[in-house]
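Here is how the chains run, residue by residue.
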Amino acid sequence: MEKMWAGRFQKALDQQADDFNSSLHFDCRMYKQDITGSIVHALMLARQGIISEEEKAQIINGLSSILEDIEQGNLTFDSGAEDIHMFVEAELTKRIGDAGKKLHTARSRNDQVALDIRLYLLAEAEEIGKSLKELLGVLRDLAAAHKHDIMPGYTHLQRAQPVTFAHHVLAYAMMFTRDFTRLRDAVKRMNVSPIGCCALAGTTYNTDREFEAERLGFDGITLNSMDGVSDRDFCVELLNVFAIIMMHLSRFSEEIILWSSWEFKFVELDDSFTTGSSIMPQKKNSDMAELVRGKTGRVYGDLMAMLTTLKGLPLAYNKDMQEDKEAIFDAVDTVKQCLSVFTPMIATMKVLPDNMLKAAQKGFINATDLADYLTKKGMPFRTAYKTVGEIVAYCIDHHTVLEDLPLATYQKFDALFEEDLYGEIALETCVLKRISAGGTGPDSVEKQIEFITEFIQ
Ligand code: ARG
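Residues numbered from 1 in each chain as written. Predicted model: local features only at pLDDT ≥ 70, side-chain atom pairs only at ≥ 80, totals over all residues. Heavy atoms only, no water.

Participant: An account of the nonpolar core is needed here, citing residue identities and associated values.
Facilitator: One recurring pattern in soluble globular proteins: nonpolar side chains tend to sit buried together. Grouped together as the largest cluster of nonpolar side chains are 108 residues, with contacts concentrated most on Leu121, Phe242, Leu249, Ile328 and Ile346. Top contributing element to this core by residue count: helix H7 (residues 109–145), with 16 residues. Judged by nonpolar contacts, the second largest core, of 19 residues, contains Phe364, Tyr373, Leu405 and Tyr410. (Core = buried A, V, L, I, M, F, W, Y, C linked by side-chain atoms within 4.5 Å. Buried < 20%, exposed > 50% of the residue type's maximum accessible area, 1.4 Å probe, protein only. Helix = DSSP H or I, 4+ residues; strand = E, 2+ residues; numbered from the N terminus.)

Listed below in structure tokens is the structure:
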């Protein structure tokens, strides 16, 4: 295939160099955005009297037929083209002749590619936002179903204080609401049109960039043409959002993996989201959660790749920037894939509240509450903390737990202990009495559930 830029050259491009240079095999996924952008560009050119109405009609018909053929599988991406922009333009000219050669008036591939990738990512961001809300819906329902189920809350992966399963799940829900708003913020900043910046300096034609921006659904236009073609901040920002989503999914996955183990058995994943072993007949592995945890590394890598590609790039367009696509496409695909498996995996998982409660019962998880009991009777907290520490040590020595220690023994440690201590250290009380805002107490959990419900509306 002859290059569009062949005029200046004496020799054809070396085959290896041609393959190396081509981005068609990965940027072909932007064919729709490329065609949409070109249709709007033709509309603008005709509106401004730069091409005729007849040429506009020919271009739009030609582009529409290309779109239709691609979607119906009648037109495959010819690897001879350098990229999707060249592919579409060459195909258009093949179909409609000279009018096709006028489409590239007052634009460059530099603003064209910047436009296409923005349009593409805006659509993907919308999808990912929807998936996040779906996940939030599942987490809200899960929390609502387990408001009274007590489990150990951990610090250092040591049993720390009792919480409800609802409270634990809602912690993740809060993270995903922030991911959603981060995504929305990034979208707000990227939602300006670069088309019309041309190669780097703008154009001598009387174009109407606002018209194009409005037709394409943008909030406005990029104000500096050199920035418009060089900016890939939005890719970095989106990758950052994706990396954080993956980080949250990965932390949650780690807990699902732990909770699914025989050591915990707090949950059982549905058969449809687990796999077996090729040798050990008893195995039921949480591969999906492990893969989500593992794929987090790729998305971090994509973010690093993008930052590193852009580092030190002089203005304006440089071919290095073609490397933006594979990184961001990989991250988009990975995040979408992970969410599409993670959400139903959580929705179908069986929660085992009895096991959670059992795990909470034998770990001195109510020791803080015992110290608070003494403090409320007038003992300074530090003294109470020390006394309870001694009682815990005594219990460990005597193979017992706080609930089973007789009152007489308690009273040997301090006279402030009375019969009511047992009610105060019951796990239900520990949870019910955690009334501080944002705590695991029922009012706070209820408020959190309401917050998520409103958020996803
Ligand atoms: N395939 C290129 C990219 O992805 C399109 C822009 C090329 N512009 C140029 N002047 N070579 O970045």
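Participant: Could you give an account of the pairing of strand E2 (residues 158–164), with specific residues and numbers?
Facilitator: As paired strands, strand E1 (residues 150–155) and E2 are joined by six bridges and run antiparallel to one another. When the bridges of E2 are listed, proline 152 appears paired with proline 162. The antiparallel hairpin formed by E1 and E2 contains two residues in its connecting segment, where histidine 156 sits at a positive phi of about 55°. (Pairing = 2+ DSSP bridges.)

Participant: Residues and numbers for the state of the cysteines, please.
Facilitator: Across all of its chains, the model carries zero disulfides by this definition. Here cysteine 197 stays unpaired: no disulfide links it, and the sulfur of cysteine 198, its closest cysteine neighbor, is 7.4 Å away. Free cysteine: cysteine 430, not disulfide-bonded; nearest cysteine sulfur from cysteine 395 at 14 Å. (Disulfide = S-S within 2.5 Å.)

Participant: Give me a nonpolar patch on the surface: which residues, what numbers.
Facilitator: Judged by side-chain polarity, Leu200, Met226 and Leu315 come together as a nonpolar surface patch covering roughly 270 Å² of accessible area. Judged by its relative accessible area of 36%, leucine 200 is partly exposed. (Patch = residues over 30% accessible without salt bridge, like charges linked within 9 Å, V, L, I, M, F, W, Y side chains within 5 Å. Areas by Shrake-Rupley, 256 points an atom, 1.4 Å probe, with all protein chains shown as cover. Salt bridge = Lys/Arg side-chain N within 4 Å of Asp/Glu carboxyl O.)

Participant: With reference to specific residues and values, describe the pattern of salt bridges.
Facilitator: Counted by the stated rule, this structure contains 30 salt bridges. A salt bridge links aspartate 333 to arginine 29, with the nearest nitrogen and oxygen atoms 2.8 Å apart. One end of the pair, aspartate 333, is in helix H13 (residues 324–348); the other, arginine 29, is in the loop between helix H2 (24–27) and helix H3 (31–47), with 304 residues separating them in the sequence. Judged by relative accessible area, aspartate 333 falls into the partly exposed class, the value being 33%. Between aspartate 420 and lysine 377 there is a salt bridge; the shortest N-O distance is 3.7 Å. Of this pair, aspartate 420 sits in the loop between helix H17 (407–413) and helix H18 (421–425) while lysine 377 sits in the loop between helix H15 (367–376) and helix H16 (381–397), placing them 43 residues apart in sequence. By relative accessible area, which is 27% here, lysine 377 ends up partly exposed. Sharing partners across several salt bridges, the network here consists of Asp69, Glu91, Lys94 and Arg95.

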